Amino acid sequence: MTRIGGTWQNWGRSASVRPVRVERPRSPEGVQRAVRAAVRQGLTVKAVGAGHSFTGIAIAPGVLLELDDLQGLVSADVASGRVTLLAGTRLHRIPGLLARYGLAMENLGDIDRQSIAGAISTGTHGTGAGFGGLATQVVGVTLITADGEFLRIDEGHSPELLPAVALGLGALGIIVEVTLQCVPTFVMHAVDEPLPLEEVLGTIDERVAAADHFEFYWFPHTDVALTKRQSRLPESTRRRPLPVVGRWVDETLLANGVYRVVCAAGQAVPAITPPFNRLAVRLTGDREYTDLSNRVLTQSRTVRFREMEYALPAAEVVPAFRALQELIAERGWRIEFPVEVRFAAADDRWLSTAYGRPSAYIAVHRYWRADPTAYFGAVEKIMRAHGGRPHWGKLHTMTRETLRESYPRFDDFVALRDRLDPDRRFTNRYLERVLGR
């Protein structure tokens, strides 16, 4: 999150707002006071985390609540593996908070800069056909309602609402605490390997089934898939982490430093993009190591970009990917960012992109200074033709009318919103588009 004077901007520079007022509550009670004050004044109120959503889901034209001071561990129960965190806690801080208890989050996305409340509310996910998104790890939520009251939802308090509030888009209230079901600390054996793209596409089902976690990246204008497969191992397994210098060269110098320069240059001279992409797949993506789960699952990304991602029925991933390949070739576009393909288990969160079906994700990106409109718009048509659901925190043009067709519990969610926030104190233009007024 970046503030310029009185203006709030998200990380991708795709959304900004000048709120009426900014508050930084330091406790759940402080959030409660802020909500009550906003309601008395007839203002809308929204919380922001790290600003890593590309959509306007966190835009707060009324009262903006920065939860940077609402971080840390509230409680931990080693026997049950359950931990409660303050809503603003950044994902990258959680492994350190859990380490003393011998616990870890079951799965993570590939970026860990988000807040825990923001990550679950927008449907952040990782990869692995046997694992759900971060919201599936949620077993309890405490939020402040539009009435300015604390509402606890867990297995002992209105458990039937948990599948809605665990991934609530910020539409049901301001989350102040999140309880996660964690697992014992574990390590992962990782193999990053470049392989012929056609070989990967032809054996995708077998590769997904053979690894706990599998994904691949494809740089347009190449015929190589940069595959990543990982196996989960007990904590006692001997670790063989990447050498410090080697990791710095791969992830800081090449993946971020050199790549930033090339992306910027590609805006002026698009012709350099295809040869650089071919060079990139020769220089990166070939390594093997074993390390703590959070060090394997996440990576540093400092090159600013914008992203669109769609969840597809798993069986649709290859035909949708091939249509994307053909699109780029037909249009003659020079696309500097790779396409990312990941997988997730079906889950029961009402607005989860993986609700009720095993899913595959296709994500497309553009450098933040490039106009993504034509590329993203054409890709979106392909994804929708294959039954896609858009990631709530990433760019898309879907509306309530089209989304309602994709989610069996959509009307139930809207009815709960009507009950908890009838006067729409937690709304903004994005939520009006995707959920209605």
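The sections below set out a description of the structure shown in this document. (Residues numbered from 1 in each chain as written. Predicted model: local features only at pLDDT ≥ 70, side-chain atom pairs only at ≥ 80, totals over all residues. Heavy atoms only, no water.)

Let's shift gears to the overall build of the protein. Within the protein one finds 14 helices and 21 strands. Expected size for 437 residues packed as a compact globule is a radius of gyration near 22 Å; at 21 Å, the protein falls within 12% of this value. Oriented by its inertia axes, the alpha-carbon framework of the protein measures out at about 60 × 50 × 40 Å. Taken over 437 residues, the protein has a buried fraction of 59%. Taking the contacts inside the protein whose residues are at least 6 apart along the sequence as the reference set, 73% of them involve residues at least 24 apart. (Helix = DSSP H or I, 4+ residues; strand = E, 2+ residues; numbered from the N terminus. Rg over C-alpha atoms; globule rule 2.2 N^0.38 Å. Buried < 20%, exposed > 50% of the residue type's maximum accessible area, 1.4 Å probe, protein only. Contact = heavy atoms within 4.5 Å.)

This part takes up the sheet that holds strand E8 (residues 82-86). A sheet is described by the order of its strands in space; here five strands give the open sequence E7-E8-E12-E10-E11, paired in antiparallel fashion. Where the open sheet ends on each side, the last strands, each with one partner, are strand E7 (73-77) and strand E11 (150-154). Each strand of the sheet is rotated relative to its neighbour by a mean of 10°, with strand direction disregarded. Strand direction decides the pairing type here: E7 and E8, joined by four bridges, are antiparallel. Across the sheet, the residue bridging to Ala 76 is Val 83, located in E8. Those strands touched by helix H1 (residues 28-40) are E8, strand E10 (138-144), E11 and strand E12 (174-181), and its axis lies near 145° from that of E12. (Pairing = 2+ DSSP bridges. Axes fitted to C-alpha atoms, helices over the stretch in contact; angles between N-to-C directions.)

Let us now look at the pairing of strand E16 (residues 224-234). Pairing between strand E14 (residues 186-196) and E16: 11 bridges, direction antiparallel. The residue bridging Leu 195 from the neighbouring strand is Ala 225, located in E16. Where strand E15 (residues 213-218) and E16 come together, six bridges link them in antiparallel fashion. Within the sheet, the bridge partner assigned to Tyr 217 lies in E16 and is Leu 226. The antiparallel pairing of E15 with E16 creates a hairpin that spans five residues between the two strands, and His 221 there sits at a positive phi of about 80°.

For soluble globular proteins, nonpolar side chains are generally found buried alongside one another. Core analysis: the biggest nonpolar cluster contains 110 residues, and Phe 216, Ile 362, Tyr 375 and Trp 392 have the highest contact counts within it. For this core, the leading source of residues is helix H10 (residues 317-331), giving seven residues. Discounting residues that sit within four places of it in the chain, Phe 216 has contacts with Leu 197, Val 200, Leu 201, Ile 204, Ala 225, Leu 226, Thr 227, Phe 321, Val 339, Glu 340 and Val 341. (Core = buried A, V, L, I, M, F, W, Y, C linked by side-chain atoms within 4.5 Å.)

Counting through the fold element by element, Arg 417 comes out in helix H13 (residues 410-420). Notably, Arg 417 is buried but unbridged: the nearest opposite-charge side chain belongs to Asp 421, and the N-O separation is 5.4 Å. (Lys, Arg positive; Asp, Glu negative; His and termini not counted. Salt bridge = Lys/Arg side-chain N within 4 Å of Asp/Glu carboxyl O.)

So, on to the pattern of salt bridges. Under the counting rule described, the total for this entry stands at 27 salt bridges. One salt bridge in this structure joins Asp 69 and Arg 24, with 3.5 Å as the shortest N-O distance. Within this pair, whereas Asp 69 is found in the loop between strand E6 (63-66) and E7, its partner Arg 24 is found in the loop between strand E4 (21-23) and H1, the two being separated by 45 residues in sequence. Residue classification places Asp 69 among the partly exposed positions, given a relative accessible area of 32%.

Okay, empty space enclosed by the protein next. Scanning the entire structure with this criterion turns up five cavities of 30 Å³ or more. Taken as a whole, the largest cavity spans an internal volume of roughly 610 Å³. Lining the largest cavity are 41 residues, and of these Ser 53, Ala 117, Gly 118, Ala 119 and Thr 122 lie nearest its centre. Sorting the residues of the lining of the largest cavity by element identifies strand E5 (45-48), helix H3 (116-122), E12, strand E18 (305-313) and strand E19 (339-344) as the ones contributing at least two each. In terms of residues, the lining of the largest cavity owes the most to one element, H3, which gives five residues. Broken down by class, the residue content of the lining of the largest cavity amounts to 16 nonpolar, 17 polar and eight charged. Counted as a void, the second largest cavity has a volume near 80 Å³. Looking at the second largest cavity, it is lined by 16 residues, and the ones nearest its centre are Gly 123, His 125, Gly 133, Asp 347 and Ser 352. (1 Å grid on protein atoms, 1.4 Å probe; cavity = no way out; pocket = protein on both sides within 12 Å on 5 of 7 lines; lining within 4 Å. Points joined across faces, edges and corners; volume = space filled by probe spheres on them. Nonpolar A, V, L, I, M, F, W, Y, C, P; charged D, E, K, R; others polar.)

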